[in-house]
Every structure is written in structure tokens, then in C-alpha cells.
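# Breakdown of the fold
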Amino acid sequence: GVGTLWTFHIKGDSFLREQVRMMVGAMIRVARGLYEENEIALALKNGKARVDFPAAPPQGLNLEKVFWKK
């Protein structure tokens, strides 16, 4: 069967290694009801997001555009 299509638009000045994959993984888990939004906010505040929220797999994630600072 065909899976669900998730679309995320993430914009930032810079990102840490696998940061976008972790953010997408966390958002998908909230959308699926596995976590509450406040759990993610608390994990980020306590510095535990890397451990508590596994990264989304890289398959299907695409870099759309890069804006270079002048």
C-alpha cells in the first residue's frame, strides 16, 4: 500500500548534524499521538531531545533550497 505523505518546511540559519531528522522524527511522533507537544518542549528545555526523540530515517528527506548570506 501507499504510505502517508508528510511535508515539513524547516528554515534556519544553521543546523547541527541530524538536527532536521530529529525535529521531523519528533513532529511525526506528535502527529501519530505517541508524544504530546509539551513533552517535546520539556525535553528540549532539559537538553534530552537527542535521546528521547529518535531521528526520522533519511529516505525521503530532501534539501529543497539553500540561501547564502551575503
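Residues numbered from 1 in each chain as written. Predicted model: local features only at pLDDT ≥ 70, side-chain atom pairs only at ≥ 80, totals over all residues. Heavy atoms only, no water.

### Looking at the confidence of the model for the protein chain
Predicted confidence across the protein chain gives a mean pLDDT of 81, with 90% of residues reaching 70 or more. For the protein chain, the element scoring lowest by mean pLDDT is helix α3 (residues 49-52), at 58; helix α1 (residues 19-31) scores highest, at 87. (pLDDT = per-residue confidence, 0-100. Helix = DSSP H or I, 4+ residues; strand = E, 2+ residues; numbered from the N terminus.)

### Notes on the environment of Thr4
The topology assignment puts Thr4 in the segment before α1. Judged by its relative accessible area of 62%, Thr4 is exposed. Between the C-alpha atom of Thr4 and that of Met23, which follows or precedes it by 19 residues, the distance is 18 Å. (Buried < 20%, exposed > 50% of the residue type's maximum accessible area, 1.4 Å probe, protein only.)

### Overview of α1
With 13 residues, α1 extends 18 Å between its outermost C-alpha atoms, agreeing within 8% with the 18 Å of an ideal straight helix rising 1.5 Å per residue. Residues of α1 that are buried include every one of Met22, Val24, Gly25, Ala26 and Ile28, and no others. Among the residues trailing α1, Gly33 stands out with phi positive, at a value near 80°. (Expected span 1.5 Å × (residues − 1).)

### Observations regarding the packing of aromatic side chains
Two numbers describe a pair of aromatic rings. These are the distance of the centres and the angle of the planes. Applying the stated rule across the entire model yields 1 aromatic pair. Taking 6.4 Å as the distance between ring centres and 5° as the angle between the ring planes, the aromatic pair formed by Trp6 and Phe8 counts as stacked. Assessed through its relative accessible area of 33%, Trp6 is described here as partly exposed. The exposure class assigned to Phe8 is partly exposed, which follows from its relative accessible area of 29%. Positioned above the aromatic ring of Phe67 is the side chain of Lys11, whose terminal nitrogen or guanidinium carbon lies 6.0 Å from the ring centre. (Phe/Tyr/Trp six-rings, centres within 6.5 Å; stacked < 30°, edge-to-face > 60°. Lys NZ or Arg CZ within 6 Å of the ring centre and 35° of its normal.)

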